[in-house]
Amino acid sequence: MDFKIVERSLFARIARMVLKSSNVAMVLGKTIHLSGVTRDDFMDDPGWLAHELCHIRQFRENGFFRFLWLYLAESWRVGYYNNKYEVEARIEGMKHRRHMNPAQRADNAITPTGLPLPADERETE
Ligand SMILES: [Zn+2]
């Protein structure tokens, strides 16, 4: 898939400060914006990468502004966790986890942040 990664992204940094989160990955169009996590660590986490690549596909399939609107409307309607775009990305991100035990699975949780944007936190420490 065609995508870019921006480390130390200002957008992701602002999101992180607003959320008081240790790390954030946020997708805008074809670009994954990172803050609090390096490109290498992000790429080493197959579940997280698959999750964010799913958001890139959602942008591509729906169009940039249309997807932002749909994402916001969906979050407004059902909440961030149940947002169908997050549910789809979560399923994508969990496909690699079938060989893991429950403790590893819990360690691998990726949660949407509650911003009206496809932004996610990785639960660490
Ligand atoms: Zn997400």
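Residues numbered from 1 in each chain as written. Predicted model: local features only at pLDDT ≥ 70, side-chain atom pairs only at ≥ 80, totals over all residues.

Naming follows an unreviewed UniProt entry, where the protein appears as DUF4157 domain-containing protein of Pontibacter aydingkolensis.

(A) Region of the structure containing the nonpolar core. Counting 21 residues, the largest nonpolar core has Ala 12, Val 24, Ala 25, Met 26 and Val 27 as its most contacted members. Here the element with the most residues in this core is strand E2 (residues 24-28); it accounts for 5 residues. Sequence-distant contacts of Val 24, defined by excluding residues within four places in its chain, comprise Ala 12, Ala 15, Arg 16, Leu 19, Ser 35, Gly 36, Thr 113, Ala 119 and Glu 121. (Core = buried A, V, L, I, M, F, W, Y, C linked by C-beta atoms within 7 Å. Buried ≥ 20, exposed ≤ 12 C-beta atoms within 10 Å, placed from the backbone. Helix = DSSP H or I, 4+ residues; strand = E, 2+ residues; numbered from the N terminus. Contact = placed C-beta atoms within 7 Å.)

(B) Inspection of helix H3 (residues 46-62) at higher detail. An ideal rise of 1.5 Å per residue puts 24 Å on 17 residues; H3 measures up with 24 Å between its terminal C-alpha atoms. Looking only at H3, the buried set comprises Gly 47, Trp 48, His 51, Glu 52, Cys 54, His 55, Ile 56 and Phe 59. Following H3 by one or two positions, Gly 63 adopts a phi angle in the positive range, close to 90°. (Expected span 1.5 Å × (residues − 1).)

(C) Just helix H5 (residues 84-94), in detail. Among all positions of H5, only Tyr 85, Glu 86, Ala 89, Arg 90 and Gly 93 are buried. One side of H5 holds all its buried residues, which, seen down the axis, span an arc of 135°. Each element contacted by the buried residues of H5 is listed here: H3, helix H4 (64-78) and strand E4 (110-112). (Arc of directions from axis to C-beta.)

(D) Spatial organisation of the sheet that holds E4. On the basis of which strands lie adjacent, the open sheet formed by 5 strands has the order E1-E3-E2-E5-E4 and mixed pairing. Each edge of the sheet is formed by a strand with only one pairing partner; in this case those strands are strand E1 (4-6) and E4. For this sheet the average axis-to-axis angle between neighbouring strands, irrespective of direction, equals 25°. Where helix H1 (residues 10-19) meets the sheet, its contacts fall on E2, strand E3 (31-35) and strand E5 (119-122), and the angle it forms with E2 comes to roughly 130°. (Pairing = 2+ DSSP bridges. Axes fitted to C-alpha atoms, helices over the stretch in contact; angles between N-to-C directions.)

(E) Structural view of the pairing of E5. Alternating residues of E5 divide into Ala 119 and Glu 121 and Asp 120 and Arg 122, and every residue in both groups is buried. In the sheet, E2 pairs with E5 via 2 bridges, with the strands oriented antiparallel. Within the sheet, the bridge partner assigned to Ala 25 lies in E5 and is Asp 120. The antiparallel hairpin formed by E4 and E5 contains 6 residues in its connecting segment, where Gly 114 sits at a positive phi of about 95°.

(F) Seen up close, unusual backbone geometry. Positive phi, normally seen in glycine, also occurs at Arg 8, with a value near 50°. Note on Arg 8: 13 C-beta atoms within 10 Å, which makes it partly exposed. A positive phi is found at Lys 20, a non-glycine position, where the angle reads about 50°. Within the secondary structure, Lys 20 sits in the loop between H1 and E2.

(G) A look at the environment of Asp 2. Mapped onto the fold, Asp 2 is located in the segment before E1. A count of 6 C-beta atoms within 10 Å places Asp 2 in the exposed class. Counting along the chain gives 11 residues from Asp 2 to Arg 13, while the straight-line C-alpha distance between them is 23 Å.

(H) How the structure looks around the packing of H3 against H5. One way to put it is that H3 packs onto H5 with a least axis distance of 7 Å and a crossing angle of 140°. Judged by the angle between their axes, H3 and H5 are oblique. Crossing handedness for the pair H3 and H5: right-handed. The residues of H5 that touch H3, namely those facing Gly 47, Trp 48, Ala 50, His 51, Cys 54, His 55 and Gln 58, are Tyr 85, Glu 88, Ala 89, Arg 90, Glu 92, Gly 93 and Met 94. Among the residues forming the contact of H3 with H5, the class breakdown is 6 nonpolar, 5 polar and 3 charged. (Parallel < 35°, antiparallel > 145°, perpendicular 65-115°, else oblique. Left-handed = near helix turned anticlockwise from the far one by under 90°. Nonpolar A, V, L, I, M, F, W, Y, C, P; charged D, E, K, R; others polar.)

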